[in-house]
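Residues per chain, in single letters:
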Amino acid sequence: PVDFATGEWGPVAWARASHDAYGRHGVPRVTRWIASVANRGPWLCVDRAAPHGSHQFTERLHPHPNVFTELVSPNLVRLRCGDRTLWLTLLEPLNRSRITRGWYCPRFGSSIGNSVVEWTVAGSGPTALGWAVWFSPTPGQAQVTQRGSELQLNWQHERQKHSYTVFPTSALGETER
């Protein structure tokens, strides 16, 4: 990683890291902010990149082969493993989402054909996309809002609303490492 930071803000424990591993291929630096919310709250993830000009930003999640994936709506995926159901919300705004075929790699050099959750955002300038996993019988709603260099993450679940500025992370009590 190019940088790494962690912090806590109320019930939210978060980490942020960035890398430029694909820079030689023209891919800009990507920063991931991930958090866990206490008391059965969601897991949240936001990826952000700041490319030049128009672009597409595609995210893919490769669940374990024992997890059944079902696209319920353009931004909601039901994840089932045995008798347990989790909800995956794809953060809005998004342009396209689908369940496609891909690979699950349990170890280096080993690949198993599997379903992959894929979604895309198109835009120009700084772009963000992400997801939330809900551990409750009903999913919540989540979205990201970009205002200049500031990125706001909003989510709502069971009549409770939450809003955090996730970029820059100094608003969350950042600890650089």
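Residues numbered from 1 in each chain as written. Predicted model: local features only at pLDDT ≥ 70, side-chain atom pairs only at ≥ 80, totals over all residues. Heavy atoms only, no water.

**As for the overall build of the protein**
Per the secondary structure count, the protein includes 0 helices and 15 strands. For a compact globule of 177 residues, the expected C-alpha radius of gyration is about 16 Å, and the protein comes in at 16 Å, within 12% of that figure. Referenced to the eigenvectors of the C-alpha coordinate spread, the extents of the protein come out at roughly 45 × 40 × 30 Å. Counting every position in the protein, which comprises 177 residues, the buried fraction comes to 42%. The long-range share in the protein, meaning contacts at least 24 apart out of those at least 6 apart in sequence, stands at 47%. Summed over all atoms, the accessible surface of the protein reaches about 10,000 Å², with 51% contributed by carbon and sulfur. (Helix = DSSP H or I, 4+ residues; strand = E, 2+ residues; numbered from the N terminus. Rg over C-alpha atoms; globule rule 2.2 N^0.38 Å. Buried < 20%, exposed > 50% of the residue type's maximum accessible area, 1.4 Å probe, protein only. Contact = heavy atoms within 4.5 Å. Areas by Shrake-Rupley, 256 points an atom, 1.4 Å probe, with all protein chains shown as cover.)

**Overview of the sheet that holds strand 13 (residues 150–157)**
Spatial strand order, 12-13-14: 3 strands in an open sheet with antiparallel pairing. The open sheet is flanked by strand 12 (141–147) and strand 14 (160–167), the only strands paired with a single partner. Averaged over neighbouring strand pairs, the angle between their axes works out to 20 degrees when direction is ignored. (Pairing = 2+ DSSP bridges. Axes fitted to C-alpha atoms, helices over the stretch in contact; angles between N-to-C directions.)

**Brief notes about the pattern of salt bridges**
Per the stated rule, a full pass over the model turns up 8 salt bridges. Here Arg 16 ties to Asp 3 by a salt bridge, and the two come within 3.4 Å at their closest N and O atoms. One end of the pair, Arg 16, is in strand 2 (residues 12–19); the other, Asp 3, is in strand 1 (residues 3–9), and 13 residues separate them in sequence. Residue classification places Asp 3 among the buried positions, given a relative accessible area of 19%. A salt bridge links Arg 32 to Asp 47, with the nearest nitrogen and oxygen atoms 2.7 Å apart. (Salt bridge = Lys/Arg side-chain N within 4 Å of Asp/Glu carboxyl O.)

**Focus on the environment of Ala 49**
By the secondary structure assignment, Ala 49 is in strand 4 (residues 43–49). Put simply, Ala 49 and Ser 36 are 13 residues apart on the chain and 22 Å apart in space, counted from C-alpha to C-alpha. Setting aside anything within four residues of it in sequence, one finds Ala 49 in contact with Pro 28, Arg 29, Val 30, Phe 57, Gly 125, Pro 126 and Thr 127.

**Some words on unusual backbone geometry**
A positive phi angle, close to 45 degrees, is found at Glu 158, a residue other than glycine. As for its position among the elements, Glu 158 is in the loop between strand 13 and strand 14. Judged by its relative accessible area of 57%, Glu 158 falls in the exposed class.

**Looking at the nonpolar core**
Of all hydrophobic cores here, the largest spans 22 residues; its most connected members are Val 12, Trp 33, Val 46, Leu 153 and Trp 155. For this core, the secondary structure elements donating two or more residues are strand 2, strand 3 (30–37), strand 4, strand 11 (127–134), strand 12, strand 13 and strand 14. Membership of the second largest hydrophobic core comes to 16 residues, among which are Val 30, Val 117, Trp 119 and Trp 131. (Core = buried A, V, L, I, M, F, W, Y, C linked by side-chain atoms within 4.5 Å.)

**Describing the confidence of the model for the protein**
The predicted coordinates ought not to be read in detail in places where the model reports low pLDDT. Looking at the protein, the pLDDT average stands at 85 and 94% of residues meet or exceed 70. Under a pLDDT of 50 for its full length, residues 170–177 has, in the predicted model, 25 contacts with residues more than four places off or in other chains. (pLDDT = per-residue confidence, 0-100.)

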